[in-house]
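# Examination of the molecular architecture
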Amino acid sequence: MRDVRRIGVVGAGVMGRGIAYQAAVSGFQTVLYDAYPEVADQAVKQIASLVKRQVEKGYLEPERGEEALPRIETADALEAFGDCDFVIEAVVEDLDIKQDVFRKLDAVCDDDVVLATNTSAKSITEIASAASDPARVCGMHFFNPVHRMKLVEVVRALQTADWAVEQTERVGRLLGKEVVRIQERPGFATSRISALVGNEAFYMLMEGVGTPEEIDRAIKLGLNFPMGPFELGDLVGWDTRLKVLQYLHETLGEKFRPCPLLVQYVKAGRLGRKTGWGVYRYDEQGRRIPSDQDHPVK
Ligand SMILES: NC(=O)c1ccc[n+]([C@@H]2O[C@H](COP(=O)([O-])OP(=O)(O)OC[C@H]3O[C@@H](n4cnc5c(N)ncnc54)[C@H](O)[C@@H]3O)[C@@H](O)[C@H]2O)c1
């Protein structure tokens, strides 16, 4: 199996920057590419402040933090991924865009390089079909925030070869994560449940069951969830959540029909922490700003 030293990350949004951070602090040379170069530059700055915070809080040894940053570089084209040993795609949840990325990666990367996708719910079989060698494409589903969440869901597509699944699991462990192996079905094991919970919470909000704070508190304290569904959705991004729900609605049926209020929030640009306002409002530092004026239920 190919020795992995250099990891390529495609997409420098919420997840791509988290994965790049994790790769760099785990000792890998890391190359980060985004279709918008300014996004990749901004990602590197955010990774630097995350390293600083993690060191200050004592979660990361100072030497490990210092060594991590120089390991990260940005690329201005996918051609720079030619010397990567393992690639993780984390671009927007859009099949055509993902297929285009895999077509290009397949052309520039060596044959024994796994091309992994961090899709939350799309068909890896369908993403892989864009590559001339689909056997090396595997699902590698990280969770947000990547540096804190322990799991990587390794998802096997119809075409994925055994060696690619094993290499993906190996890299997942080298990144400090626990891995579970899942056979591909829409939404895998995790997104299928979390999309349903987030959607149901929105239906509850629309019906006036309670305020978001009350619903979140009920789910956390009563069901022992670490985060409420609205807190989690604000972190994930409601646009990403909606795309997953639309796909699960298409593939798994009626129970995943996106709640109309959730759709409205996305149309209004209330995407969550990334826009400073989702179900809750946030200041520039990402702290929640109390407001009881924002919801259909007061
Ligand atoms: N947000 C989450 O909590 C979460 C969790 C697990 C998995 N995911 C999955 O990870 C992927 C990324 O999600 P995200 O939340 O980081 O989205 P995001 O919108 O924050 O980031 C996506 C990035 O991809 C870039 N991009 C778009 N087209 C590109 C291309 N052709 N080449 C390179 N970059 C391109 C965009 O500029 C953007 O910066 C999605 O498939 C999503 O379903 C998200």
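So, how was this worked out
- Residues numbered from 1 in each chain as written.
- Predicted model: local features only at pLDDT ≥ 70, side-chain atom pairs only at ≥ 80, totals over all residues.
- Heavy atoms only, no water.
- Helix = DSSP H or I, 4+ residues; strand = E, 2+ residues; numbered from the N terminus.
- Expected span 1.5 Å × (residues − 1).
- Buried < 20%, exposed > 50% of the residue type's maximum accessible area, 1.4 Å probe, protein only.
- Arc of directions from axis to C-beta.
- Contact = heavy atoms within 4.5 Å.
- Near = heavy atom within 4 Å.
- Polar contact = N/O pair within 3.5 Å; in protein donor to acceptor, adjacent residues only side chain to side chain.
- Areas by Shrake-Rupley, 256 points an atom, 1.4 Å probe, with all protein chains shown as cover.
- Nonpolar A, V, L, I, M, F, W, Y, C, P; charged D, E, K, R; others polar.
- Pairing = 2+ DSSP bridges.
- Right-handed = clockwise from strand over helix to strand, strands pointing away.
- UniProt positions renumbered as here; feature names shortened; annotations may be inferred.
- Domains from an automatic or database assignment.
- Buried area = accessible area lost by both parts, 1.4 Å probe.
- Salt bridge = Lys/Arg side-chain N within 4 Å of Asp/Glu carboxyl O.

## A word on helix α7 (residues 190-207)
For an α-helix the count is 3.6 residues per turn, leaving residues at separations of three or four pointing the same way. Helix length check: α7 (18 residues) gives 26 Å between terminal C-alpha atoms against 26 Å at 1.5 Å per residue, within 8%. Among all positions in α7, only Ser191, Ala195, Gly198, Asn199, Ala201, Phe202 and Leu205 are buried. Looking down the long axis of α7, one finds its buried residues gathered within 150° of arc, a one-sided arrangement. The outward face of α7, more than 90 degrees from its buried face, is lined by the exposed residues Ile193 and Glu207. On the buried face of α7, the contacting elements are β6 (137-141), α8 (212-223), α9 (229-236), α10 (238-252) and α11 (260-267). Backbone geometry just after α7 places glycine 208 at a positive phi near 85°.

## Side note on the site of the ligand
Taken together, 26 residues lie near the ligand, and Met15, Asp34, Glu93, Lys98 and Ser120 sit nearest. The backbone of valine 91 places a nitrogen or oxygen atom 3.3 Å from an oxygen atom of the ligand. Glutamate 93 is positioned such that a nitrogen or oxygen atom in its side chain is 2.5 Å from an oxygen atom of the ligand. Within the complex, 88% of the 840 Å² of free accessible area of the ligand lies under protein. If you tally residues by element for the shell around the ligand, the top one is helix α4 (residues 95-108), at three residues. Looking at the shell around the ligand residue by residue, the classes come out as 14 nonpolar, eight polar and four charged.

## Comments concerning the pairing of strand β8 (residues 178-183)
As judged from the six bridges shared by strand β7 (residues 151-156) and β8, these two strands associate in the parallel manner. Within the sheet, the bridge partner assigned to glutamate 153 lies in β8 and is valine 180. Handedness of the β7-helix α6 (residues 162-174)-β8 crossover: right-handed.

## Considering the UniProt feature "domain: 3-hydroxyacyl-CoA dehydrogenase C-terminal" (unreviewed entry) in the protein chain
The positions that UniProt labels "domain: 3-hydroxyacyl-CoA dehydrogenase C-terminal" (unreviewed entry) are, in the present scheme, residues 187-282. Note that residues 187-282 is 64% helix and 2% strand, and that its end C-alpha atoms are spaced 29 Å apart.

## Quick notes on the UniProt feature "site: Important for catalytic activity" (unreviewed entry) in the protein chain
Per the UniProt record, the feature "site: Important for catalytic activity" (unreviewed entry) sits at His141. With respect to the helices and strands, histidine 141 occurs in strand β6. Residue histidine 141 is classed as buried on the basis of its relative accessible area, which comes to 5%. For histidine 141, the contacting residues outside a window of four places in its chain are Thr117, Asn118, Thr119, Ser120, Leu151, Val152, Glu153, Phe188, Thr190 and Ser191. Polar contacts involving the side chain of histidine 141 include one to the side chain of glutamate 153, which spans 2.8 Å.

## Looking at the domain arrangement of the protein chain
The figure often quoted for interface size is the accessible area lost as the parts come together. Segmenting the protein chain into domains produces domain 1 (6-183) and domain 2 (190-275). On a C-alpha basis, the centres of domain 1 and domain 2 stand 26 Å from each other. Taken together, the contact between domain 1 and domain 2 spans 12 residues of the former and 10 residues of the latter. Summing the contributions of domain 1 and of domain 2, the shared interface buries around 910 Å²; its carbon and sulfur component is 61%. Per-residue buried area on domain 1 facing domain 2 is highest for Glu93, Ala121 and Asn144; these three make up 44% of the total on that side. Seen at the junction of domain 1 and domain 2, the total is zero salt bridges. For the pair domain 1 and domain 2, the number of links is five residue pairs in polar contact (both at pLDDT 80 or more).

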